[in-house]
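Survey of secondary and tertiary structure
Residue strings, one per chain:
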Amino acid sequence: MKQQLAVVQCTSLSLPDENKVQLDHLISQAVRQGAGLILLPEMCLSMDSRQYQNLANDPATIEWLADQATRHGVWLIAGAVPQPSPGNDTRVRSAQLVVNPEGELVARYDKIHLFDVDVNDSQGSYRESDTFSPGSDLVTVDTPFGRLGLSICFDLRFPEQFQALREKGADIILVPAAFTHTTGKAHWEVLLRARAIETQCFVLAANQCGWHDKKRQTWGHSMIISPWGEPLAKLEDEPGVAVFDIDLTELKQIRERMPLIRS
Ligand SMILES: O=C(O)CNC(=O)[C@H](CS)NC(=O)CCC(=O)C(=O)O
């Protein structure tokens, strides 16, 4: 079995077709390094809100993911892509899609905490809820690598969501993101390591990096963290992939020696 887990870091721009070319290269690179599960960042198919309705309603979005997963025989997780909202809400959802190596969509998590925040950067303020409606349901999914707990980006600041995922039996928590350069520099690694230490889970964090348009810059520094809080593999601020062969016996030992949650 391909044992490694991989996080992809990219600079997604506006056009989905161009972003697919970049992702295609990075996914192939991860596969060459032995990845059997690959996490892509938030909004990997486009960082431009003018594209979101089309992406949400175009069956090609999921077909592309399924094709990549089957072609390489890997679990592929699109950190988040726009998907339709239930009911009459015309906004889209920021949805994390989990596709298995047979190309089946086995789970969807809709981002719960939306980023309506004033950041003192070149963009100034972010109002994610203008474009996206919030999800409400926690999602875990079983894979041969362990049970995944799903979160997206700004969720990282809400430790109760991570505790709830741990209580639902998560071994590996996913944090795909488009964390801003300003807030990422200040908080990204500290928050990720804290969530890993508190939940005693592996954390896979795949961030966007670089400039997406004239105003929008993200932090990069994607990483894989152990349940003891150590970064096991790390990227800097350029597109790339980080892989690591995680060992769930390490997680069991940490939880036995330091019981934090009765499970
Ligand atoms: O809206 C889009 O185009 C794609 N979505 C994002 O980039 C989202 C919402 S704006 N970004 C975050 O949640 C950053 C959180 C963050 O940076 C922090 O918590 O500090």
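Residues numbered from 1 in each chain as written. Predicted model: local features only at pLDDT ≥ 70, side-chain atom pairs only at ≥ 80, totals over all residues. Heavy atoms only, no water.

Under an unreviewed UniProt entry, the name given to the protein chain is Carbon-nitrogen hydrolase family protein, and the organism recorded is Thalassolituus maritimus.

A count of helices and strands for the protein chain gives seven helices and 16 strands. For 263 residues, the compact-globule estimate of 2.2 N^0.38 gives 18 Å, and the protein chain sits close to it at 17 Å. Once the C-alpha set of the protein chain is aligned to its principal axes, its extents read approximately 50 × 40 × 40 Å. The contacts in the protein chain between residues at least 6 apart in sequence include a share of 68% that link residues at least 24 apart. (Helix = DSSP H or I, 4+ residues; strand = E, 2+ residues; numbered from the N terminus. Rg over C-alpha atoms; globule rule 2.2 N^0.38 Å. Contact = heavy atoms within 4.5 Å.)

Attention now goes to the site of the ligand. In the vicinity of the ligand, 16 residues are found, and the nearest of them are Tyr52, Lys111, Arg157, Thr183 and Arg216. A distance of 2.7 Å separates an oxygen atom of the ligand from a polar atom in the side chain of Arg157. Protein coverage of the free-state accessible area of the ligand, which is 490 Å², stands at 96%. In this structure the site holding the ligand corresponds to the largest pocket. (Near = heavy atom within 4 Å. Polar contact = N/O pair within 3.5 Å; in protein donor to acceptor, adjacent residues only side chain to side chain. Areas by Shrake-Rupley, 256 points an atom, 1.4 Å probe, with all protein chains shown as cover. 1 Å grid on protein atoms, 1.4 Å probe; cavity = no way out; pocket = protein on both sides within 12 Å on 5 of 7 lines; lining within 4 Å. Sits in = over half its atoms within 2 Å of the grid points.)

The next point concerns helix α1 (residues 16–32). For α1, which comprises 17 residues, the first-to-last C-alpha distance of 24 Å matches the rise-based estimate of 24 Å (1.5 Å per residue) to within 8%. Of the residues making up α1, those classed as buried are Pro16, Asn19, Lys20, Leu23, Leu26, Ile27, Ser28 and Ala30. Backbone geometry just downstream of α1 places Gly34 in the positive-phi region, at approximately 95°. (Expected span 1.5 Å × (residues − 1). Buried < 20%, exposed > 50% of the residue type's maximum accessible area, 1.4 Å probe, protein only.)

As summarised here, the arrangement of the six strands in space is β8-β9-β10-β11-β14-β15, forming an open sheet in which the pairing is mixed. This sheet does not close on itself; its edge strands, each paired only once, are β8 (140–143) and β15 (231–234). Strand after strand, the sheet turns through a mean of 20° between neighbouring axes, direction not considered. Relative to strand β10 (residues 172–177), strand β9 (residues 146–150) runs parallel, the two being bridged by three bridges. Counterpart to Leu150 in the pairing with β10 is Leu174. (Pairing = 2+ DSSP bridges. Axes fitted to C-alpha atoms, helices over the stretch in contact; angles between N-to-C directions.)

Turning our eyes to something else, we now look at the packing of helix α5 (residues 159–167) against helix α6 (residues 181–199). The contact between α5 and α6 brings their axes to 10 Å, and the two run at 35°. Between α5 and α6 lies a crossing of right-handed hand. Here α5 contributes Pro159, Phe162, Gln163 and Arg166 to the contact with α6, which in turn contributes Arg195, Glu198 and Thr199. (Left-handed = near helix turned anticlockwise from the far one by under 90°.)

Taken in spatial order, the six strands make up an open sheet running β5-β4-β3-β2-β1-β16, and their pairing is mixed. This sheet does not close on itself; its edge strands, each paired only once, are β5 (105–110) and β16 (240–244). For this sheet, the mean inter-axis angle between neighbouring strands, taken without regard to orientation, is 25°. On the sheet, α1 packs against β1 (4–9), β2 (35–42), β3 (75–84) and β16 and is oriented at approximately 150° with respect to β2.

The next point concerns the environment of Arg50. Looking at the secondary structure, you find Arg50 in the loop between β2 and α2 (52–57). Side-chain polar atoms of Arg50 contact the side chain of Asp48, separated by 2.8 Å.

On the surface, Trp228, Met258 and Leu260 cluster together into a nonpolar patch covering about 330 Å² of accessible area. Mapping Met258 onto the fold places it in the segment after α7 (248–257). On the accessibility criterion, Met258 (39% relative accessible area) is partly exposed. (Patch = residues over 30% accessible without salt bridge, like charges linked within 9 Å, V, L, I, M, F, W, Y side chains within 5 Å. Salt bridge = Lys/Arg side-chain N within 4 Å of Asp/Glu carboxyl O.)

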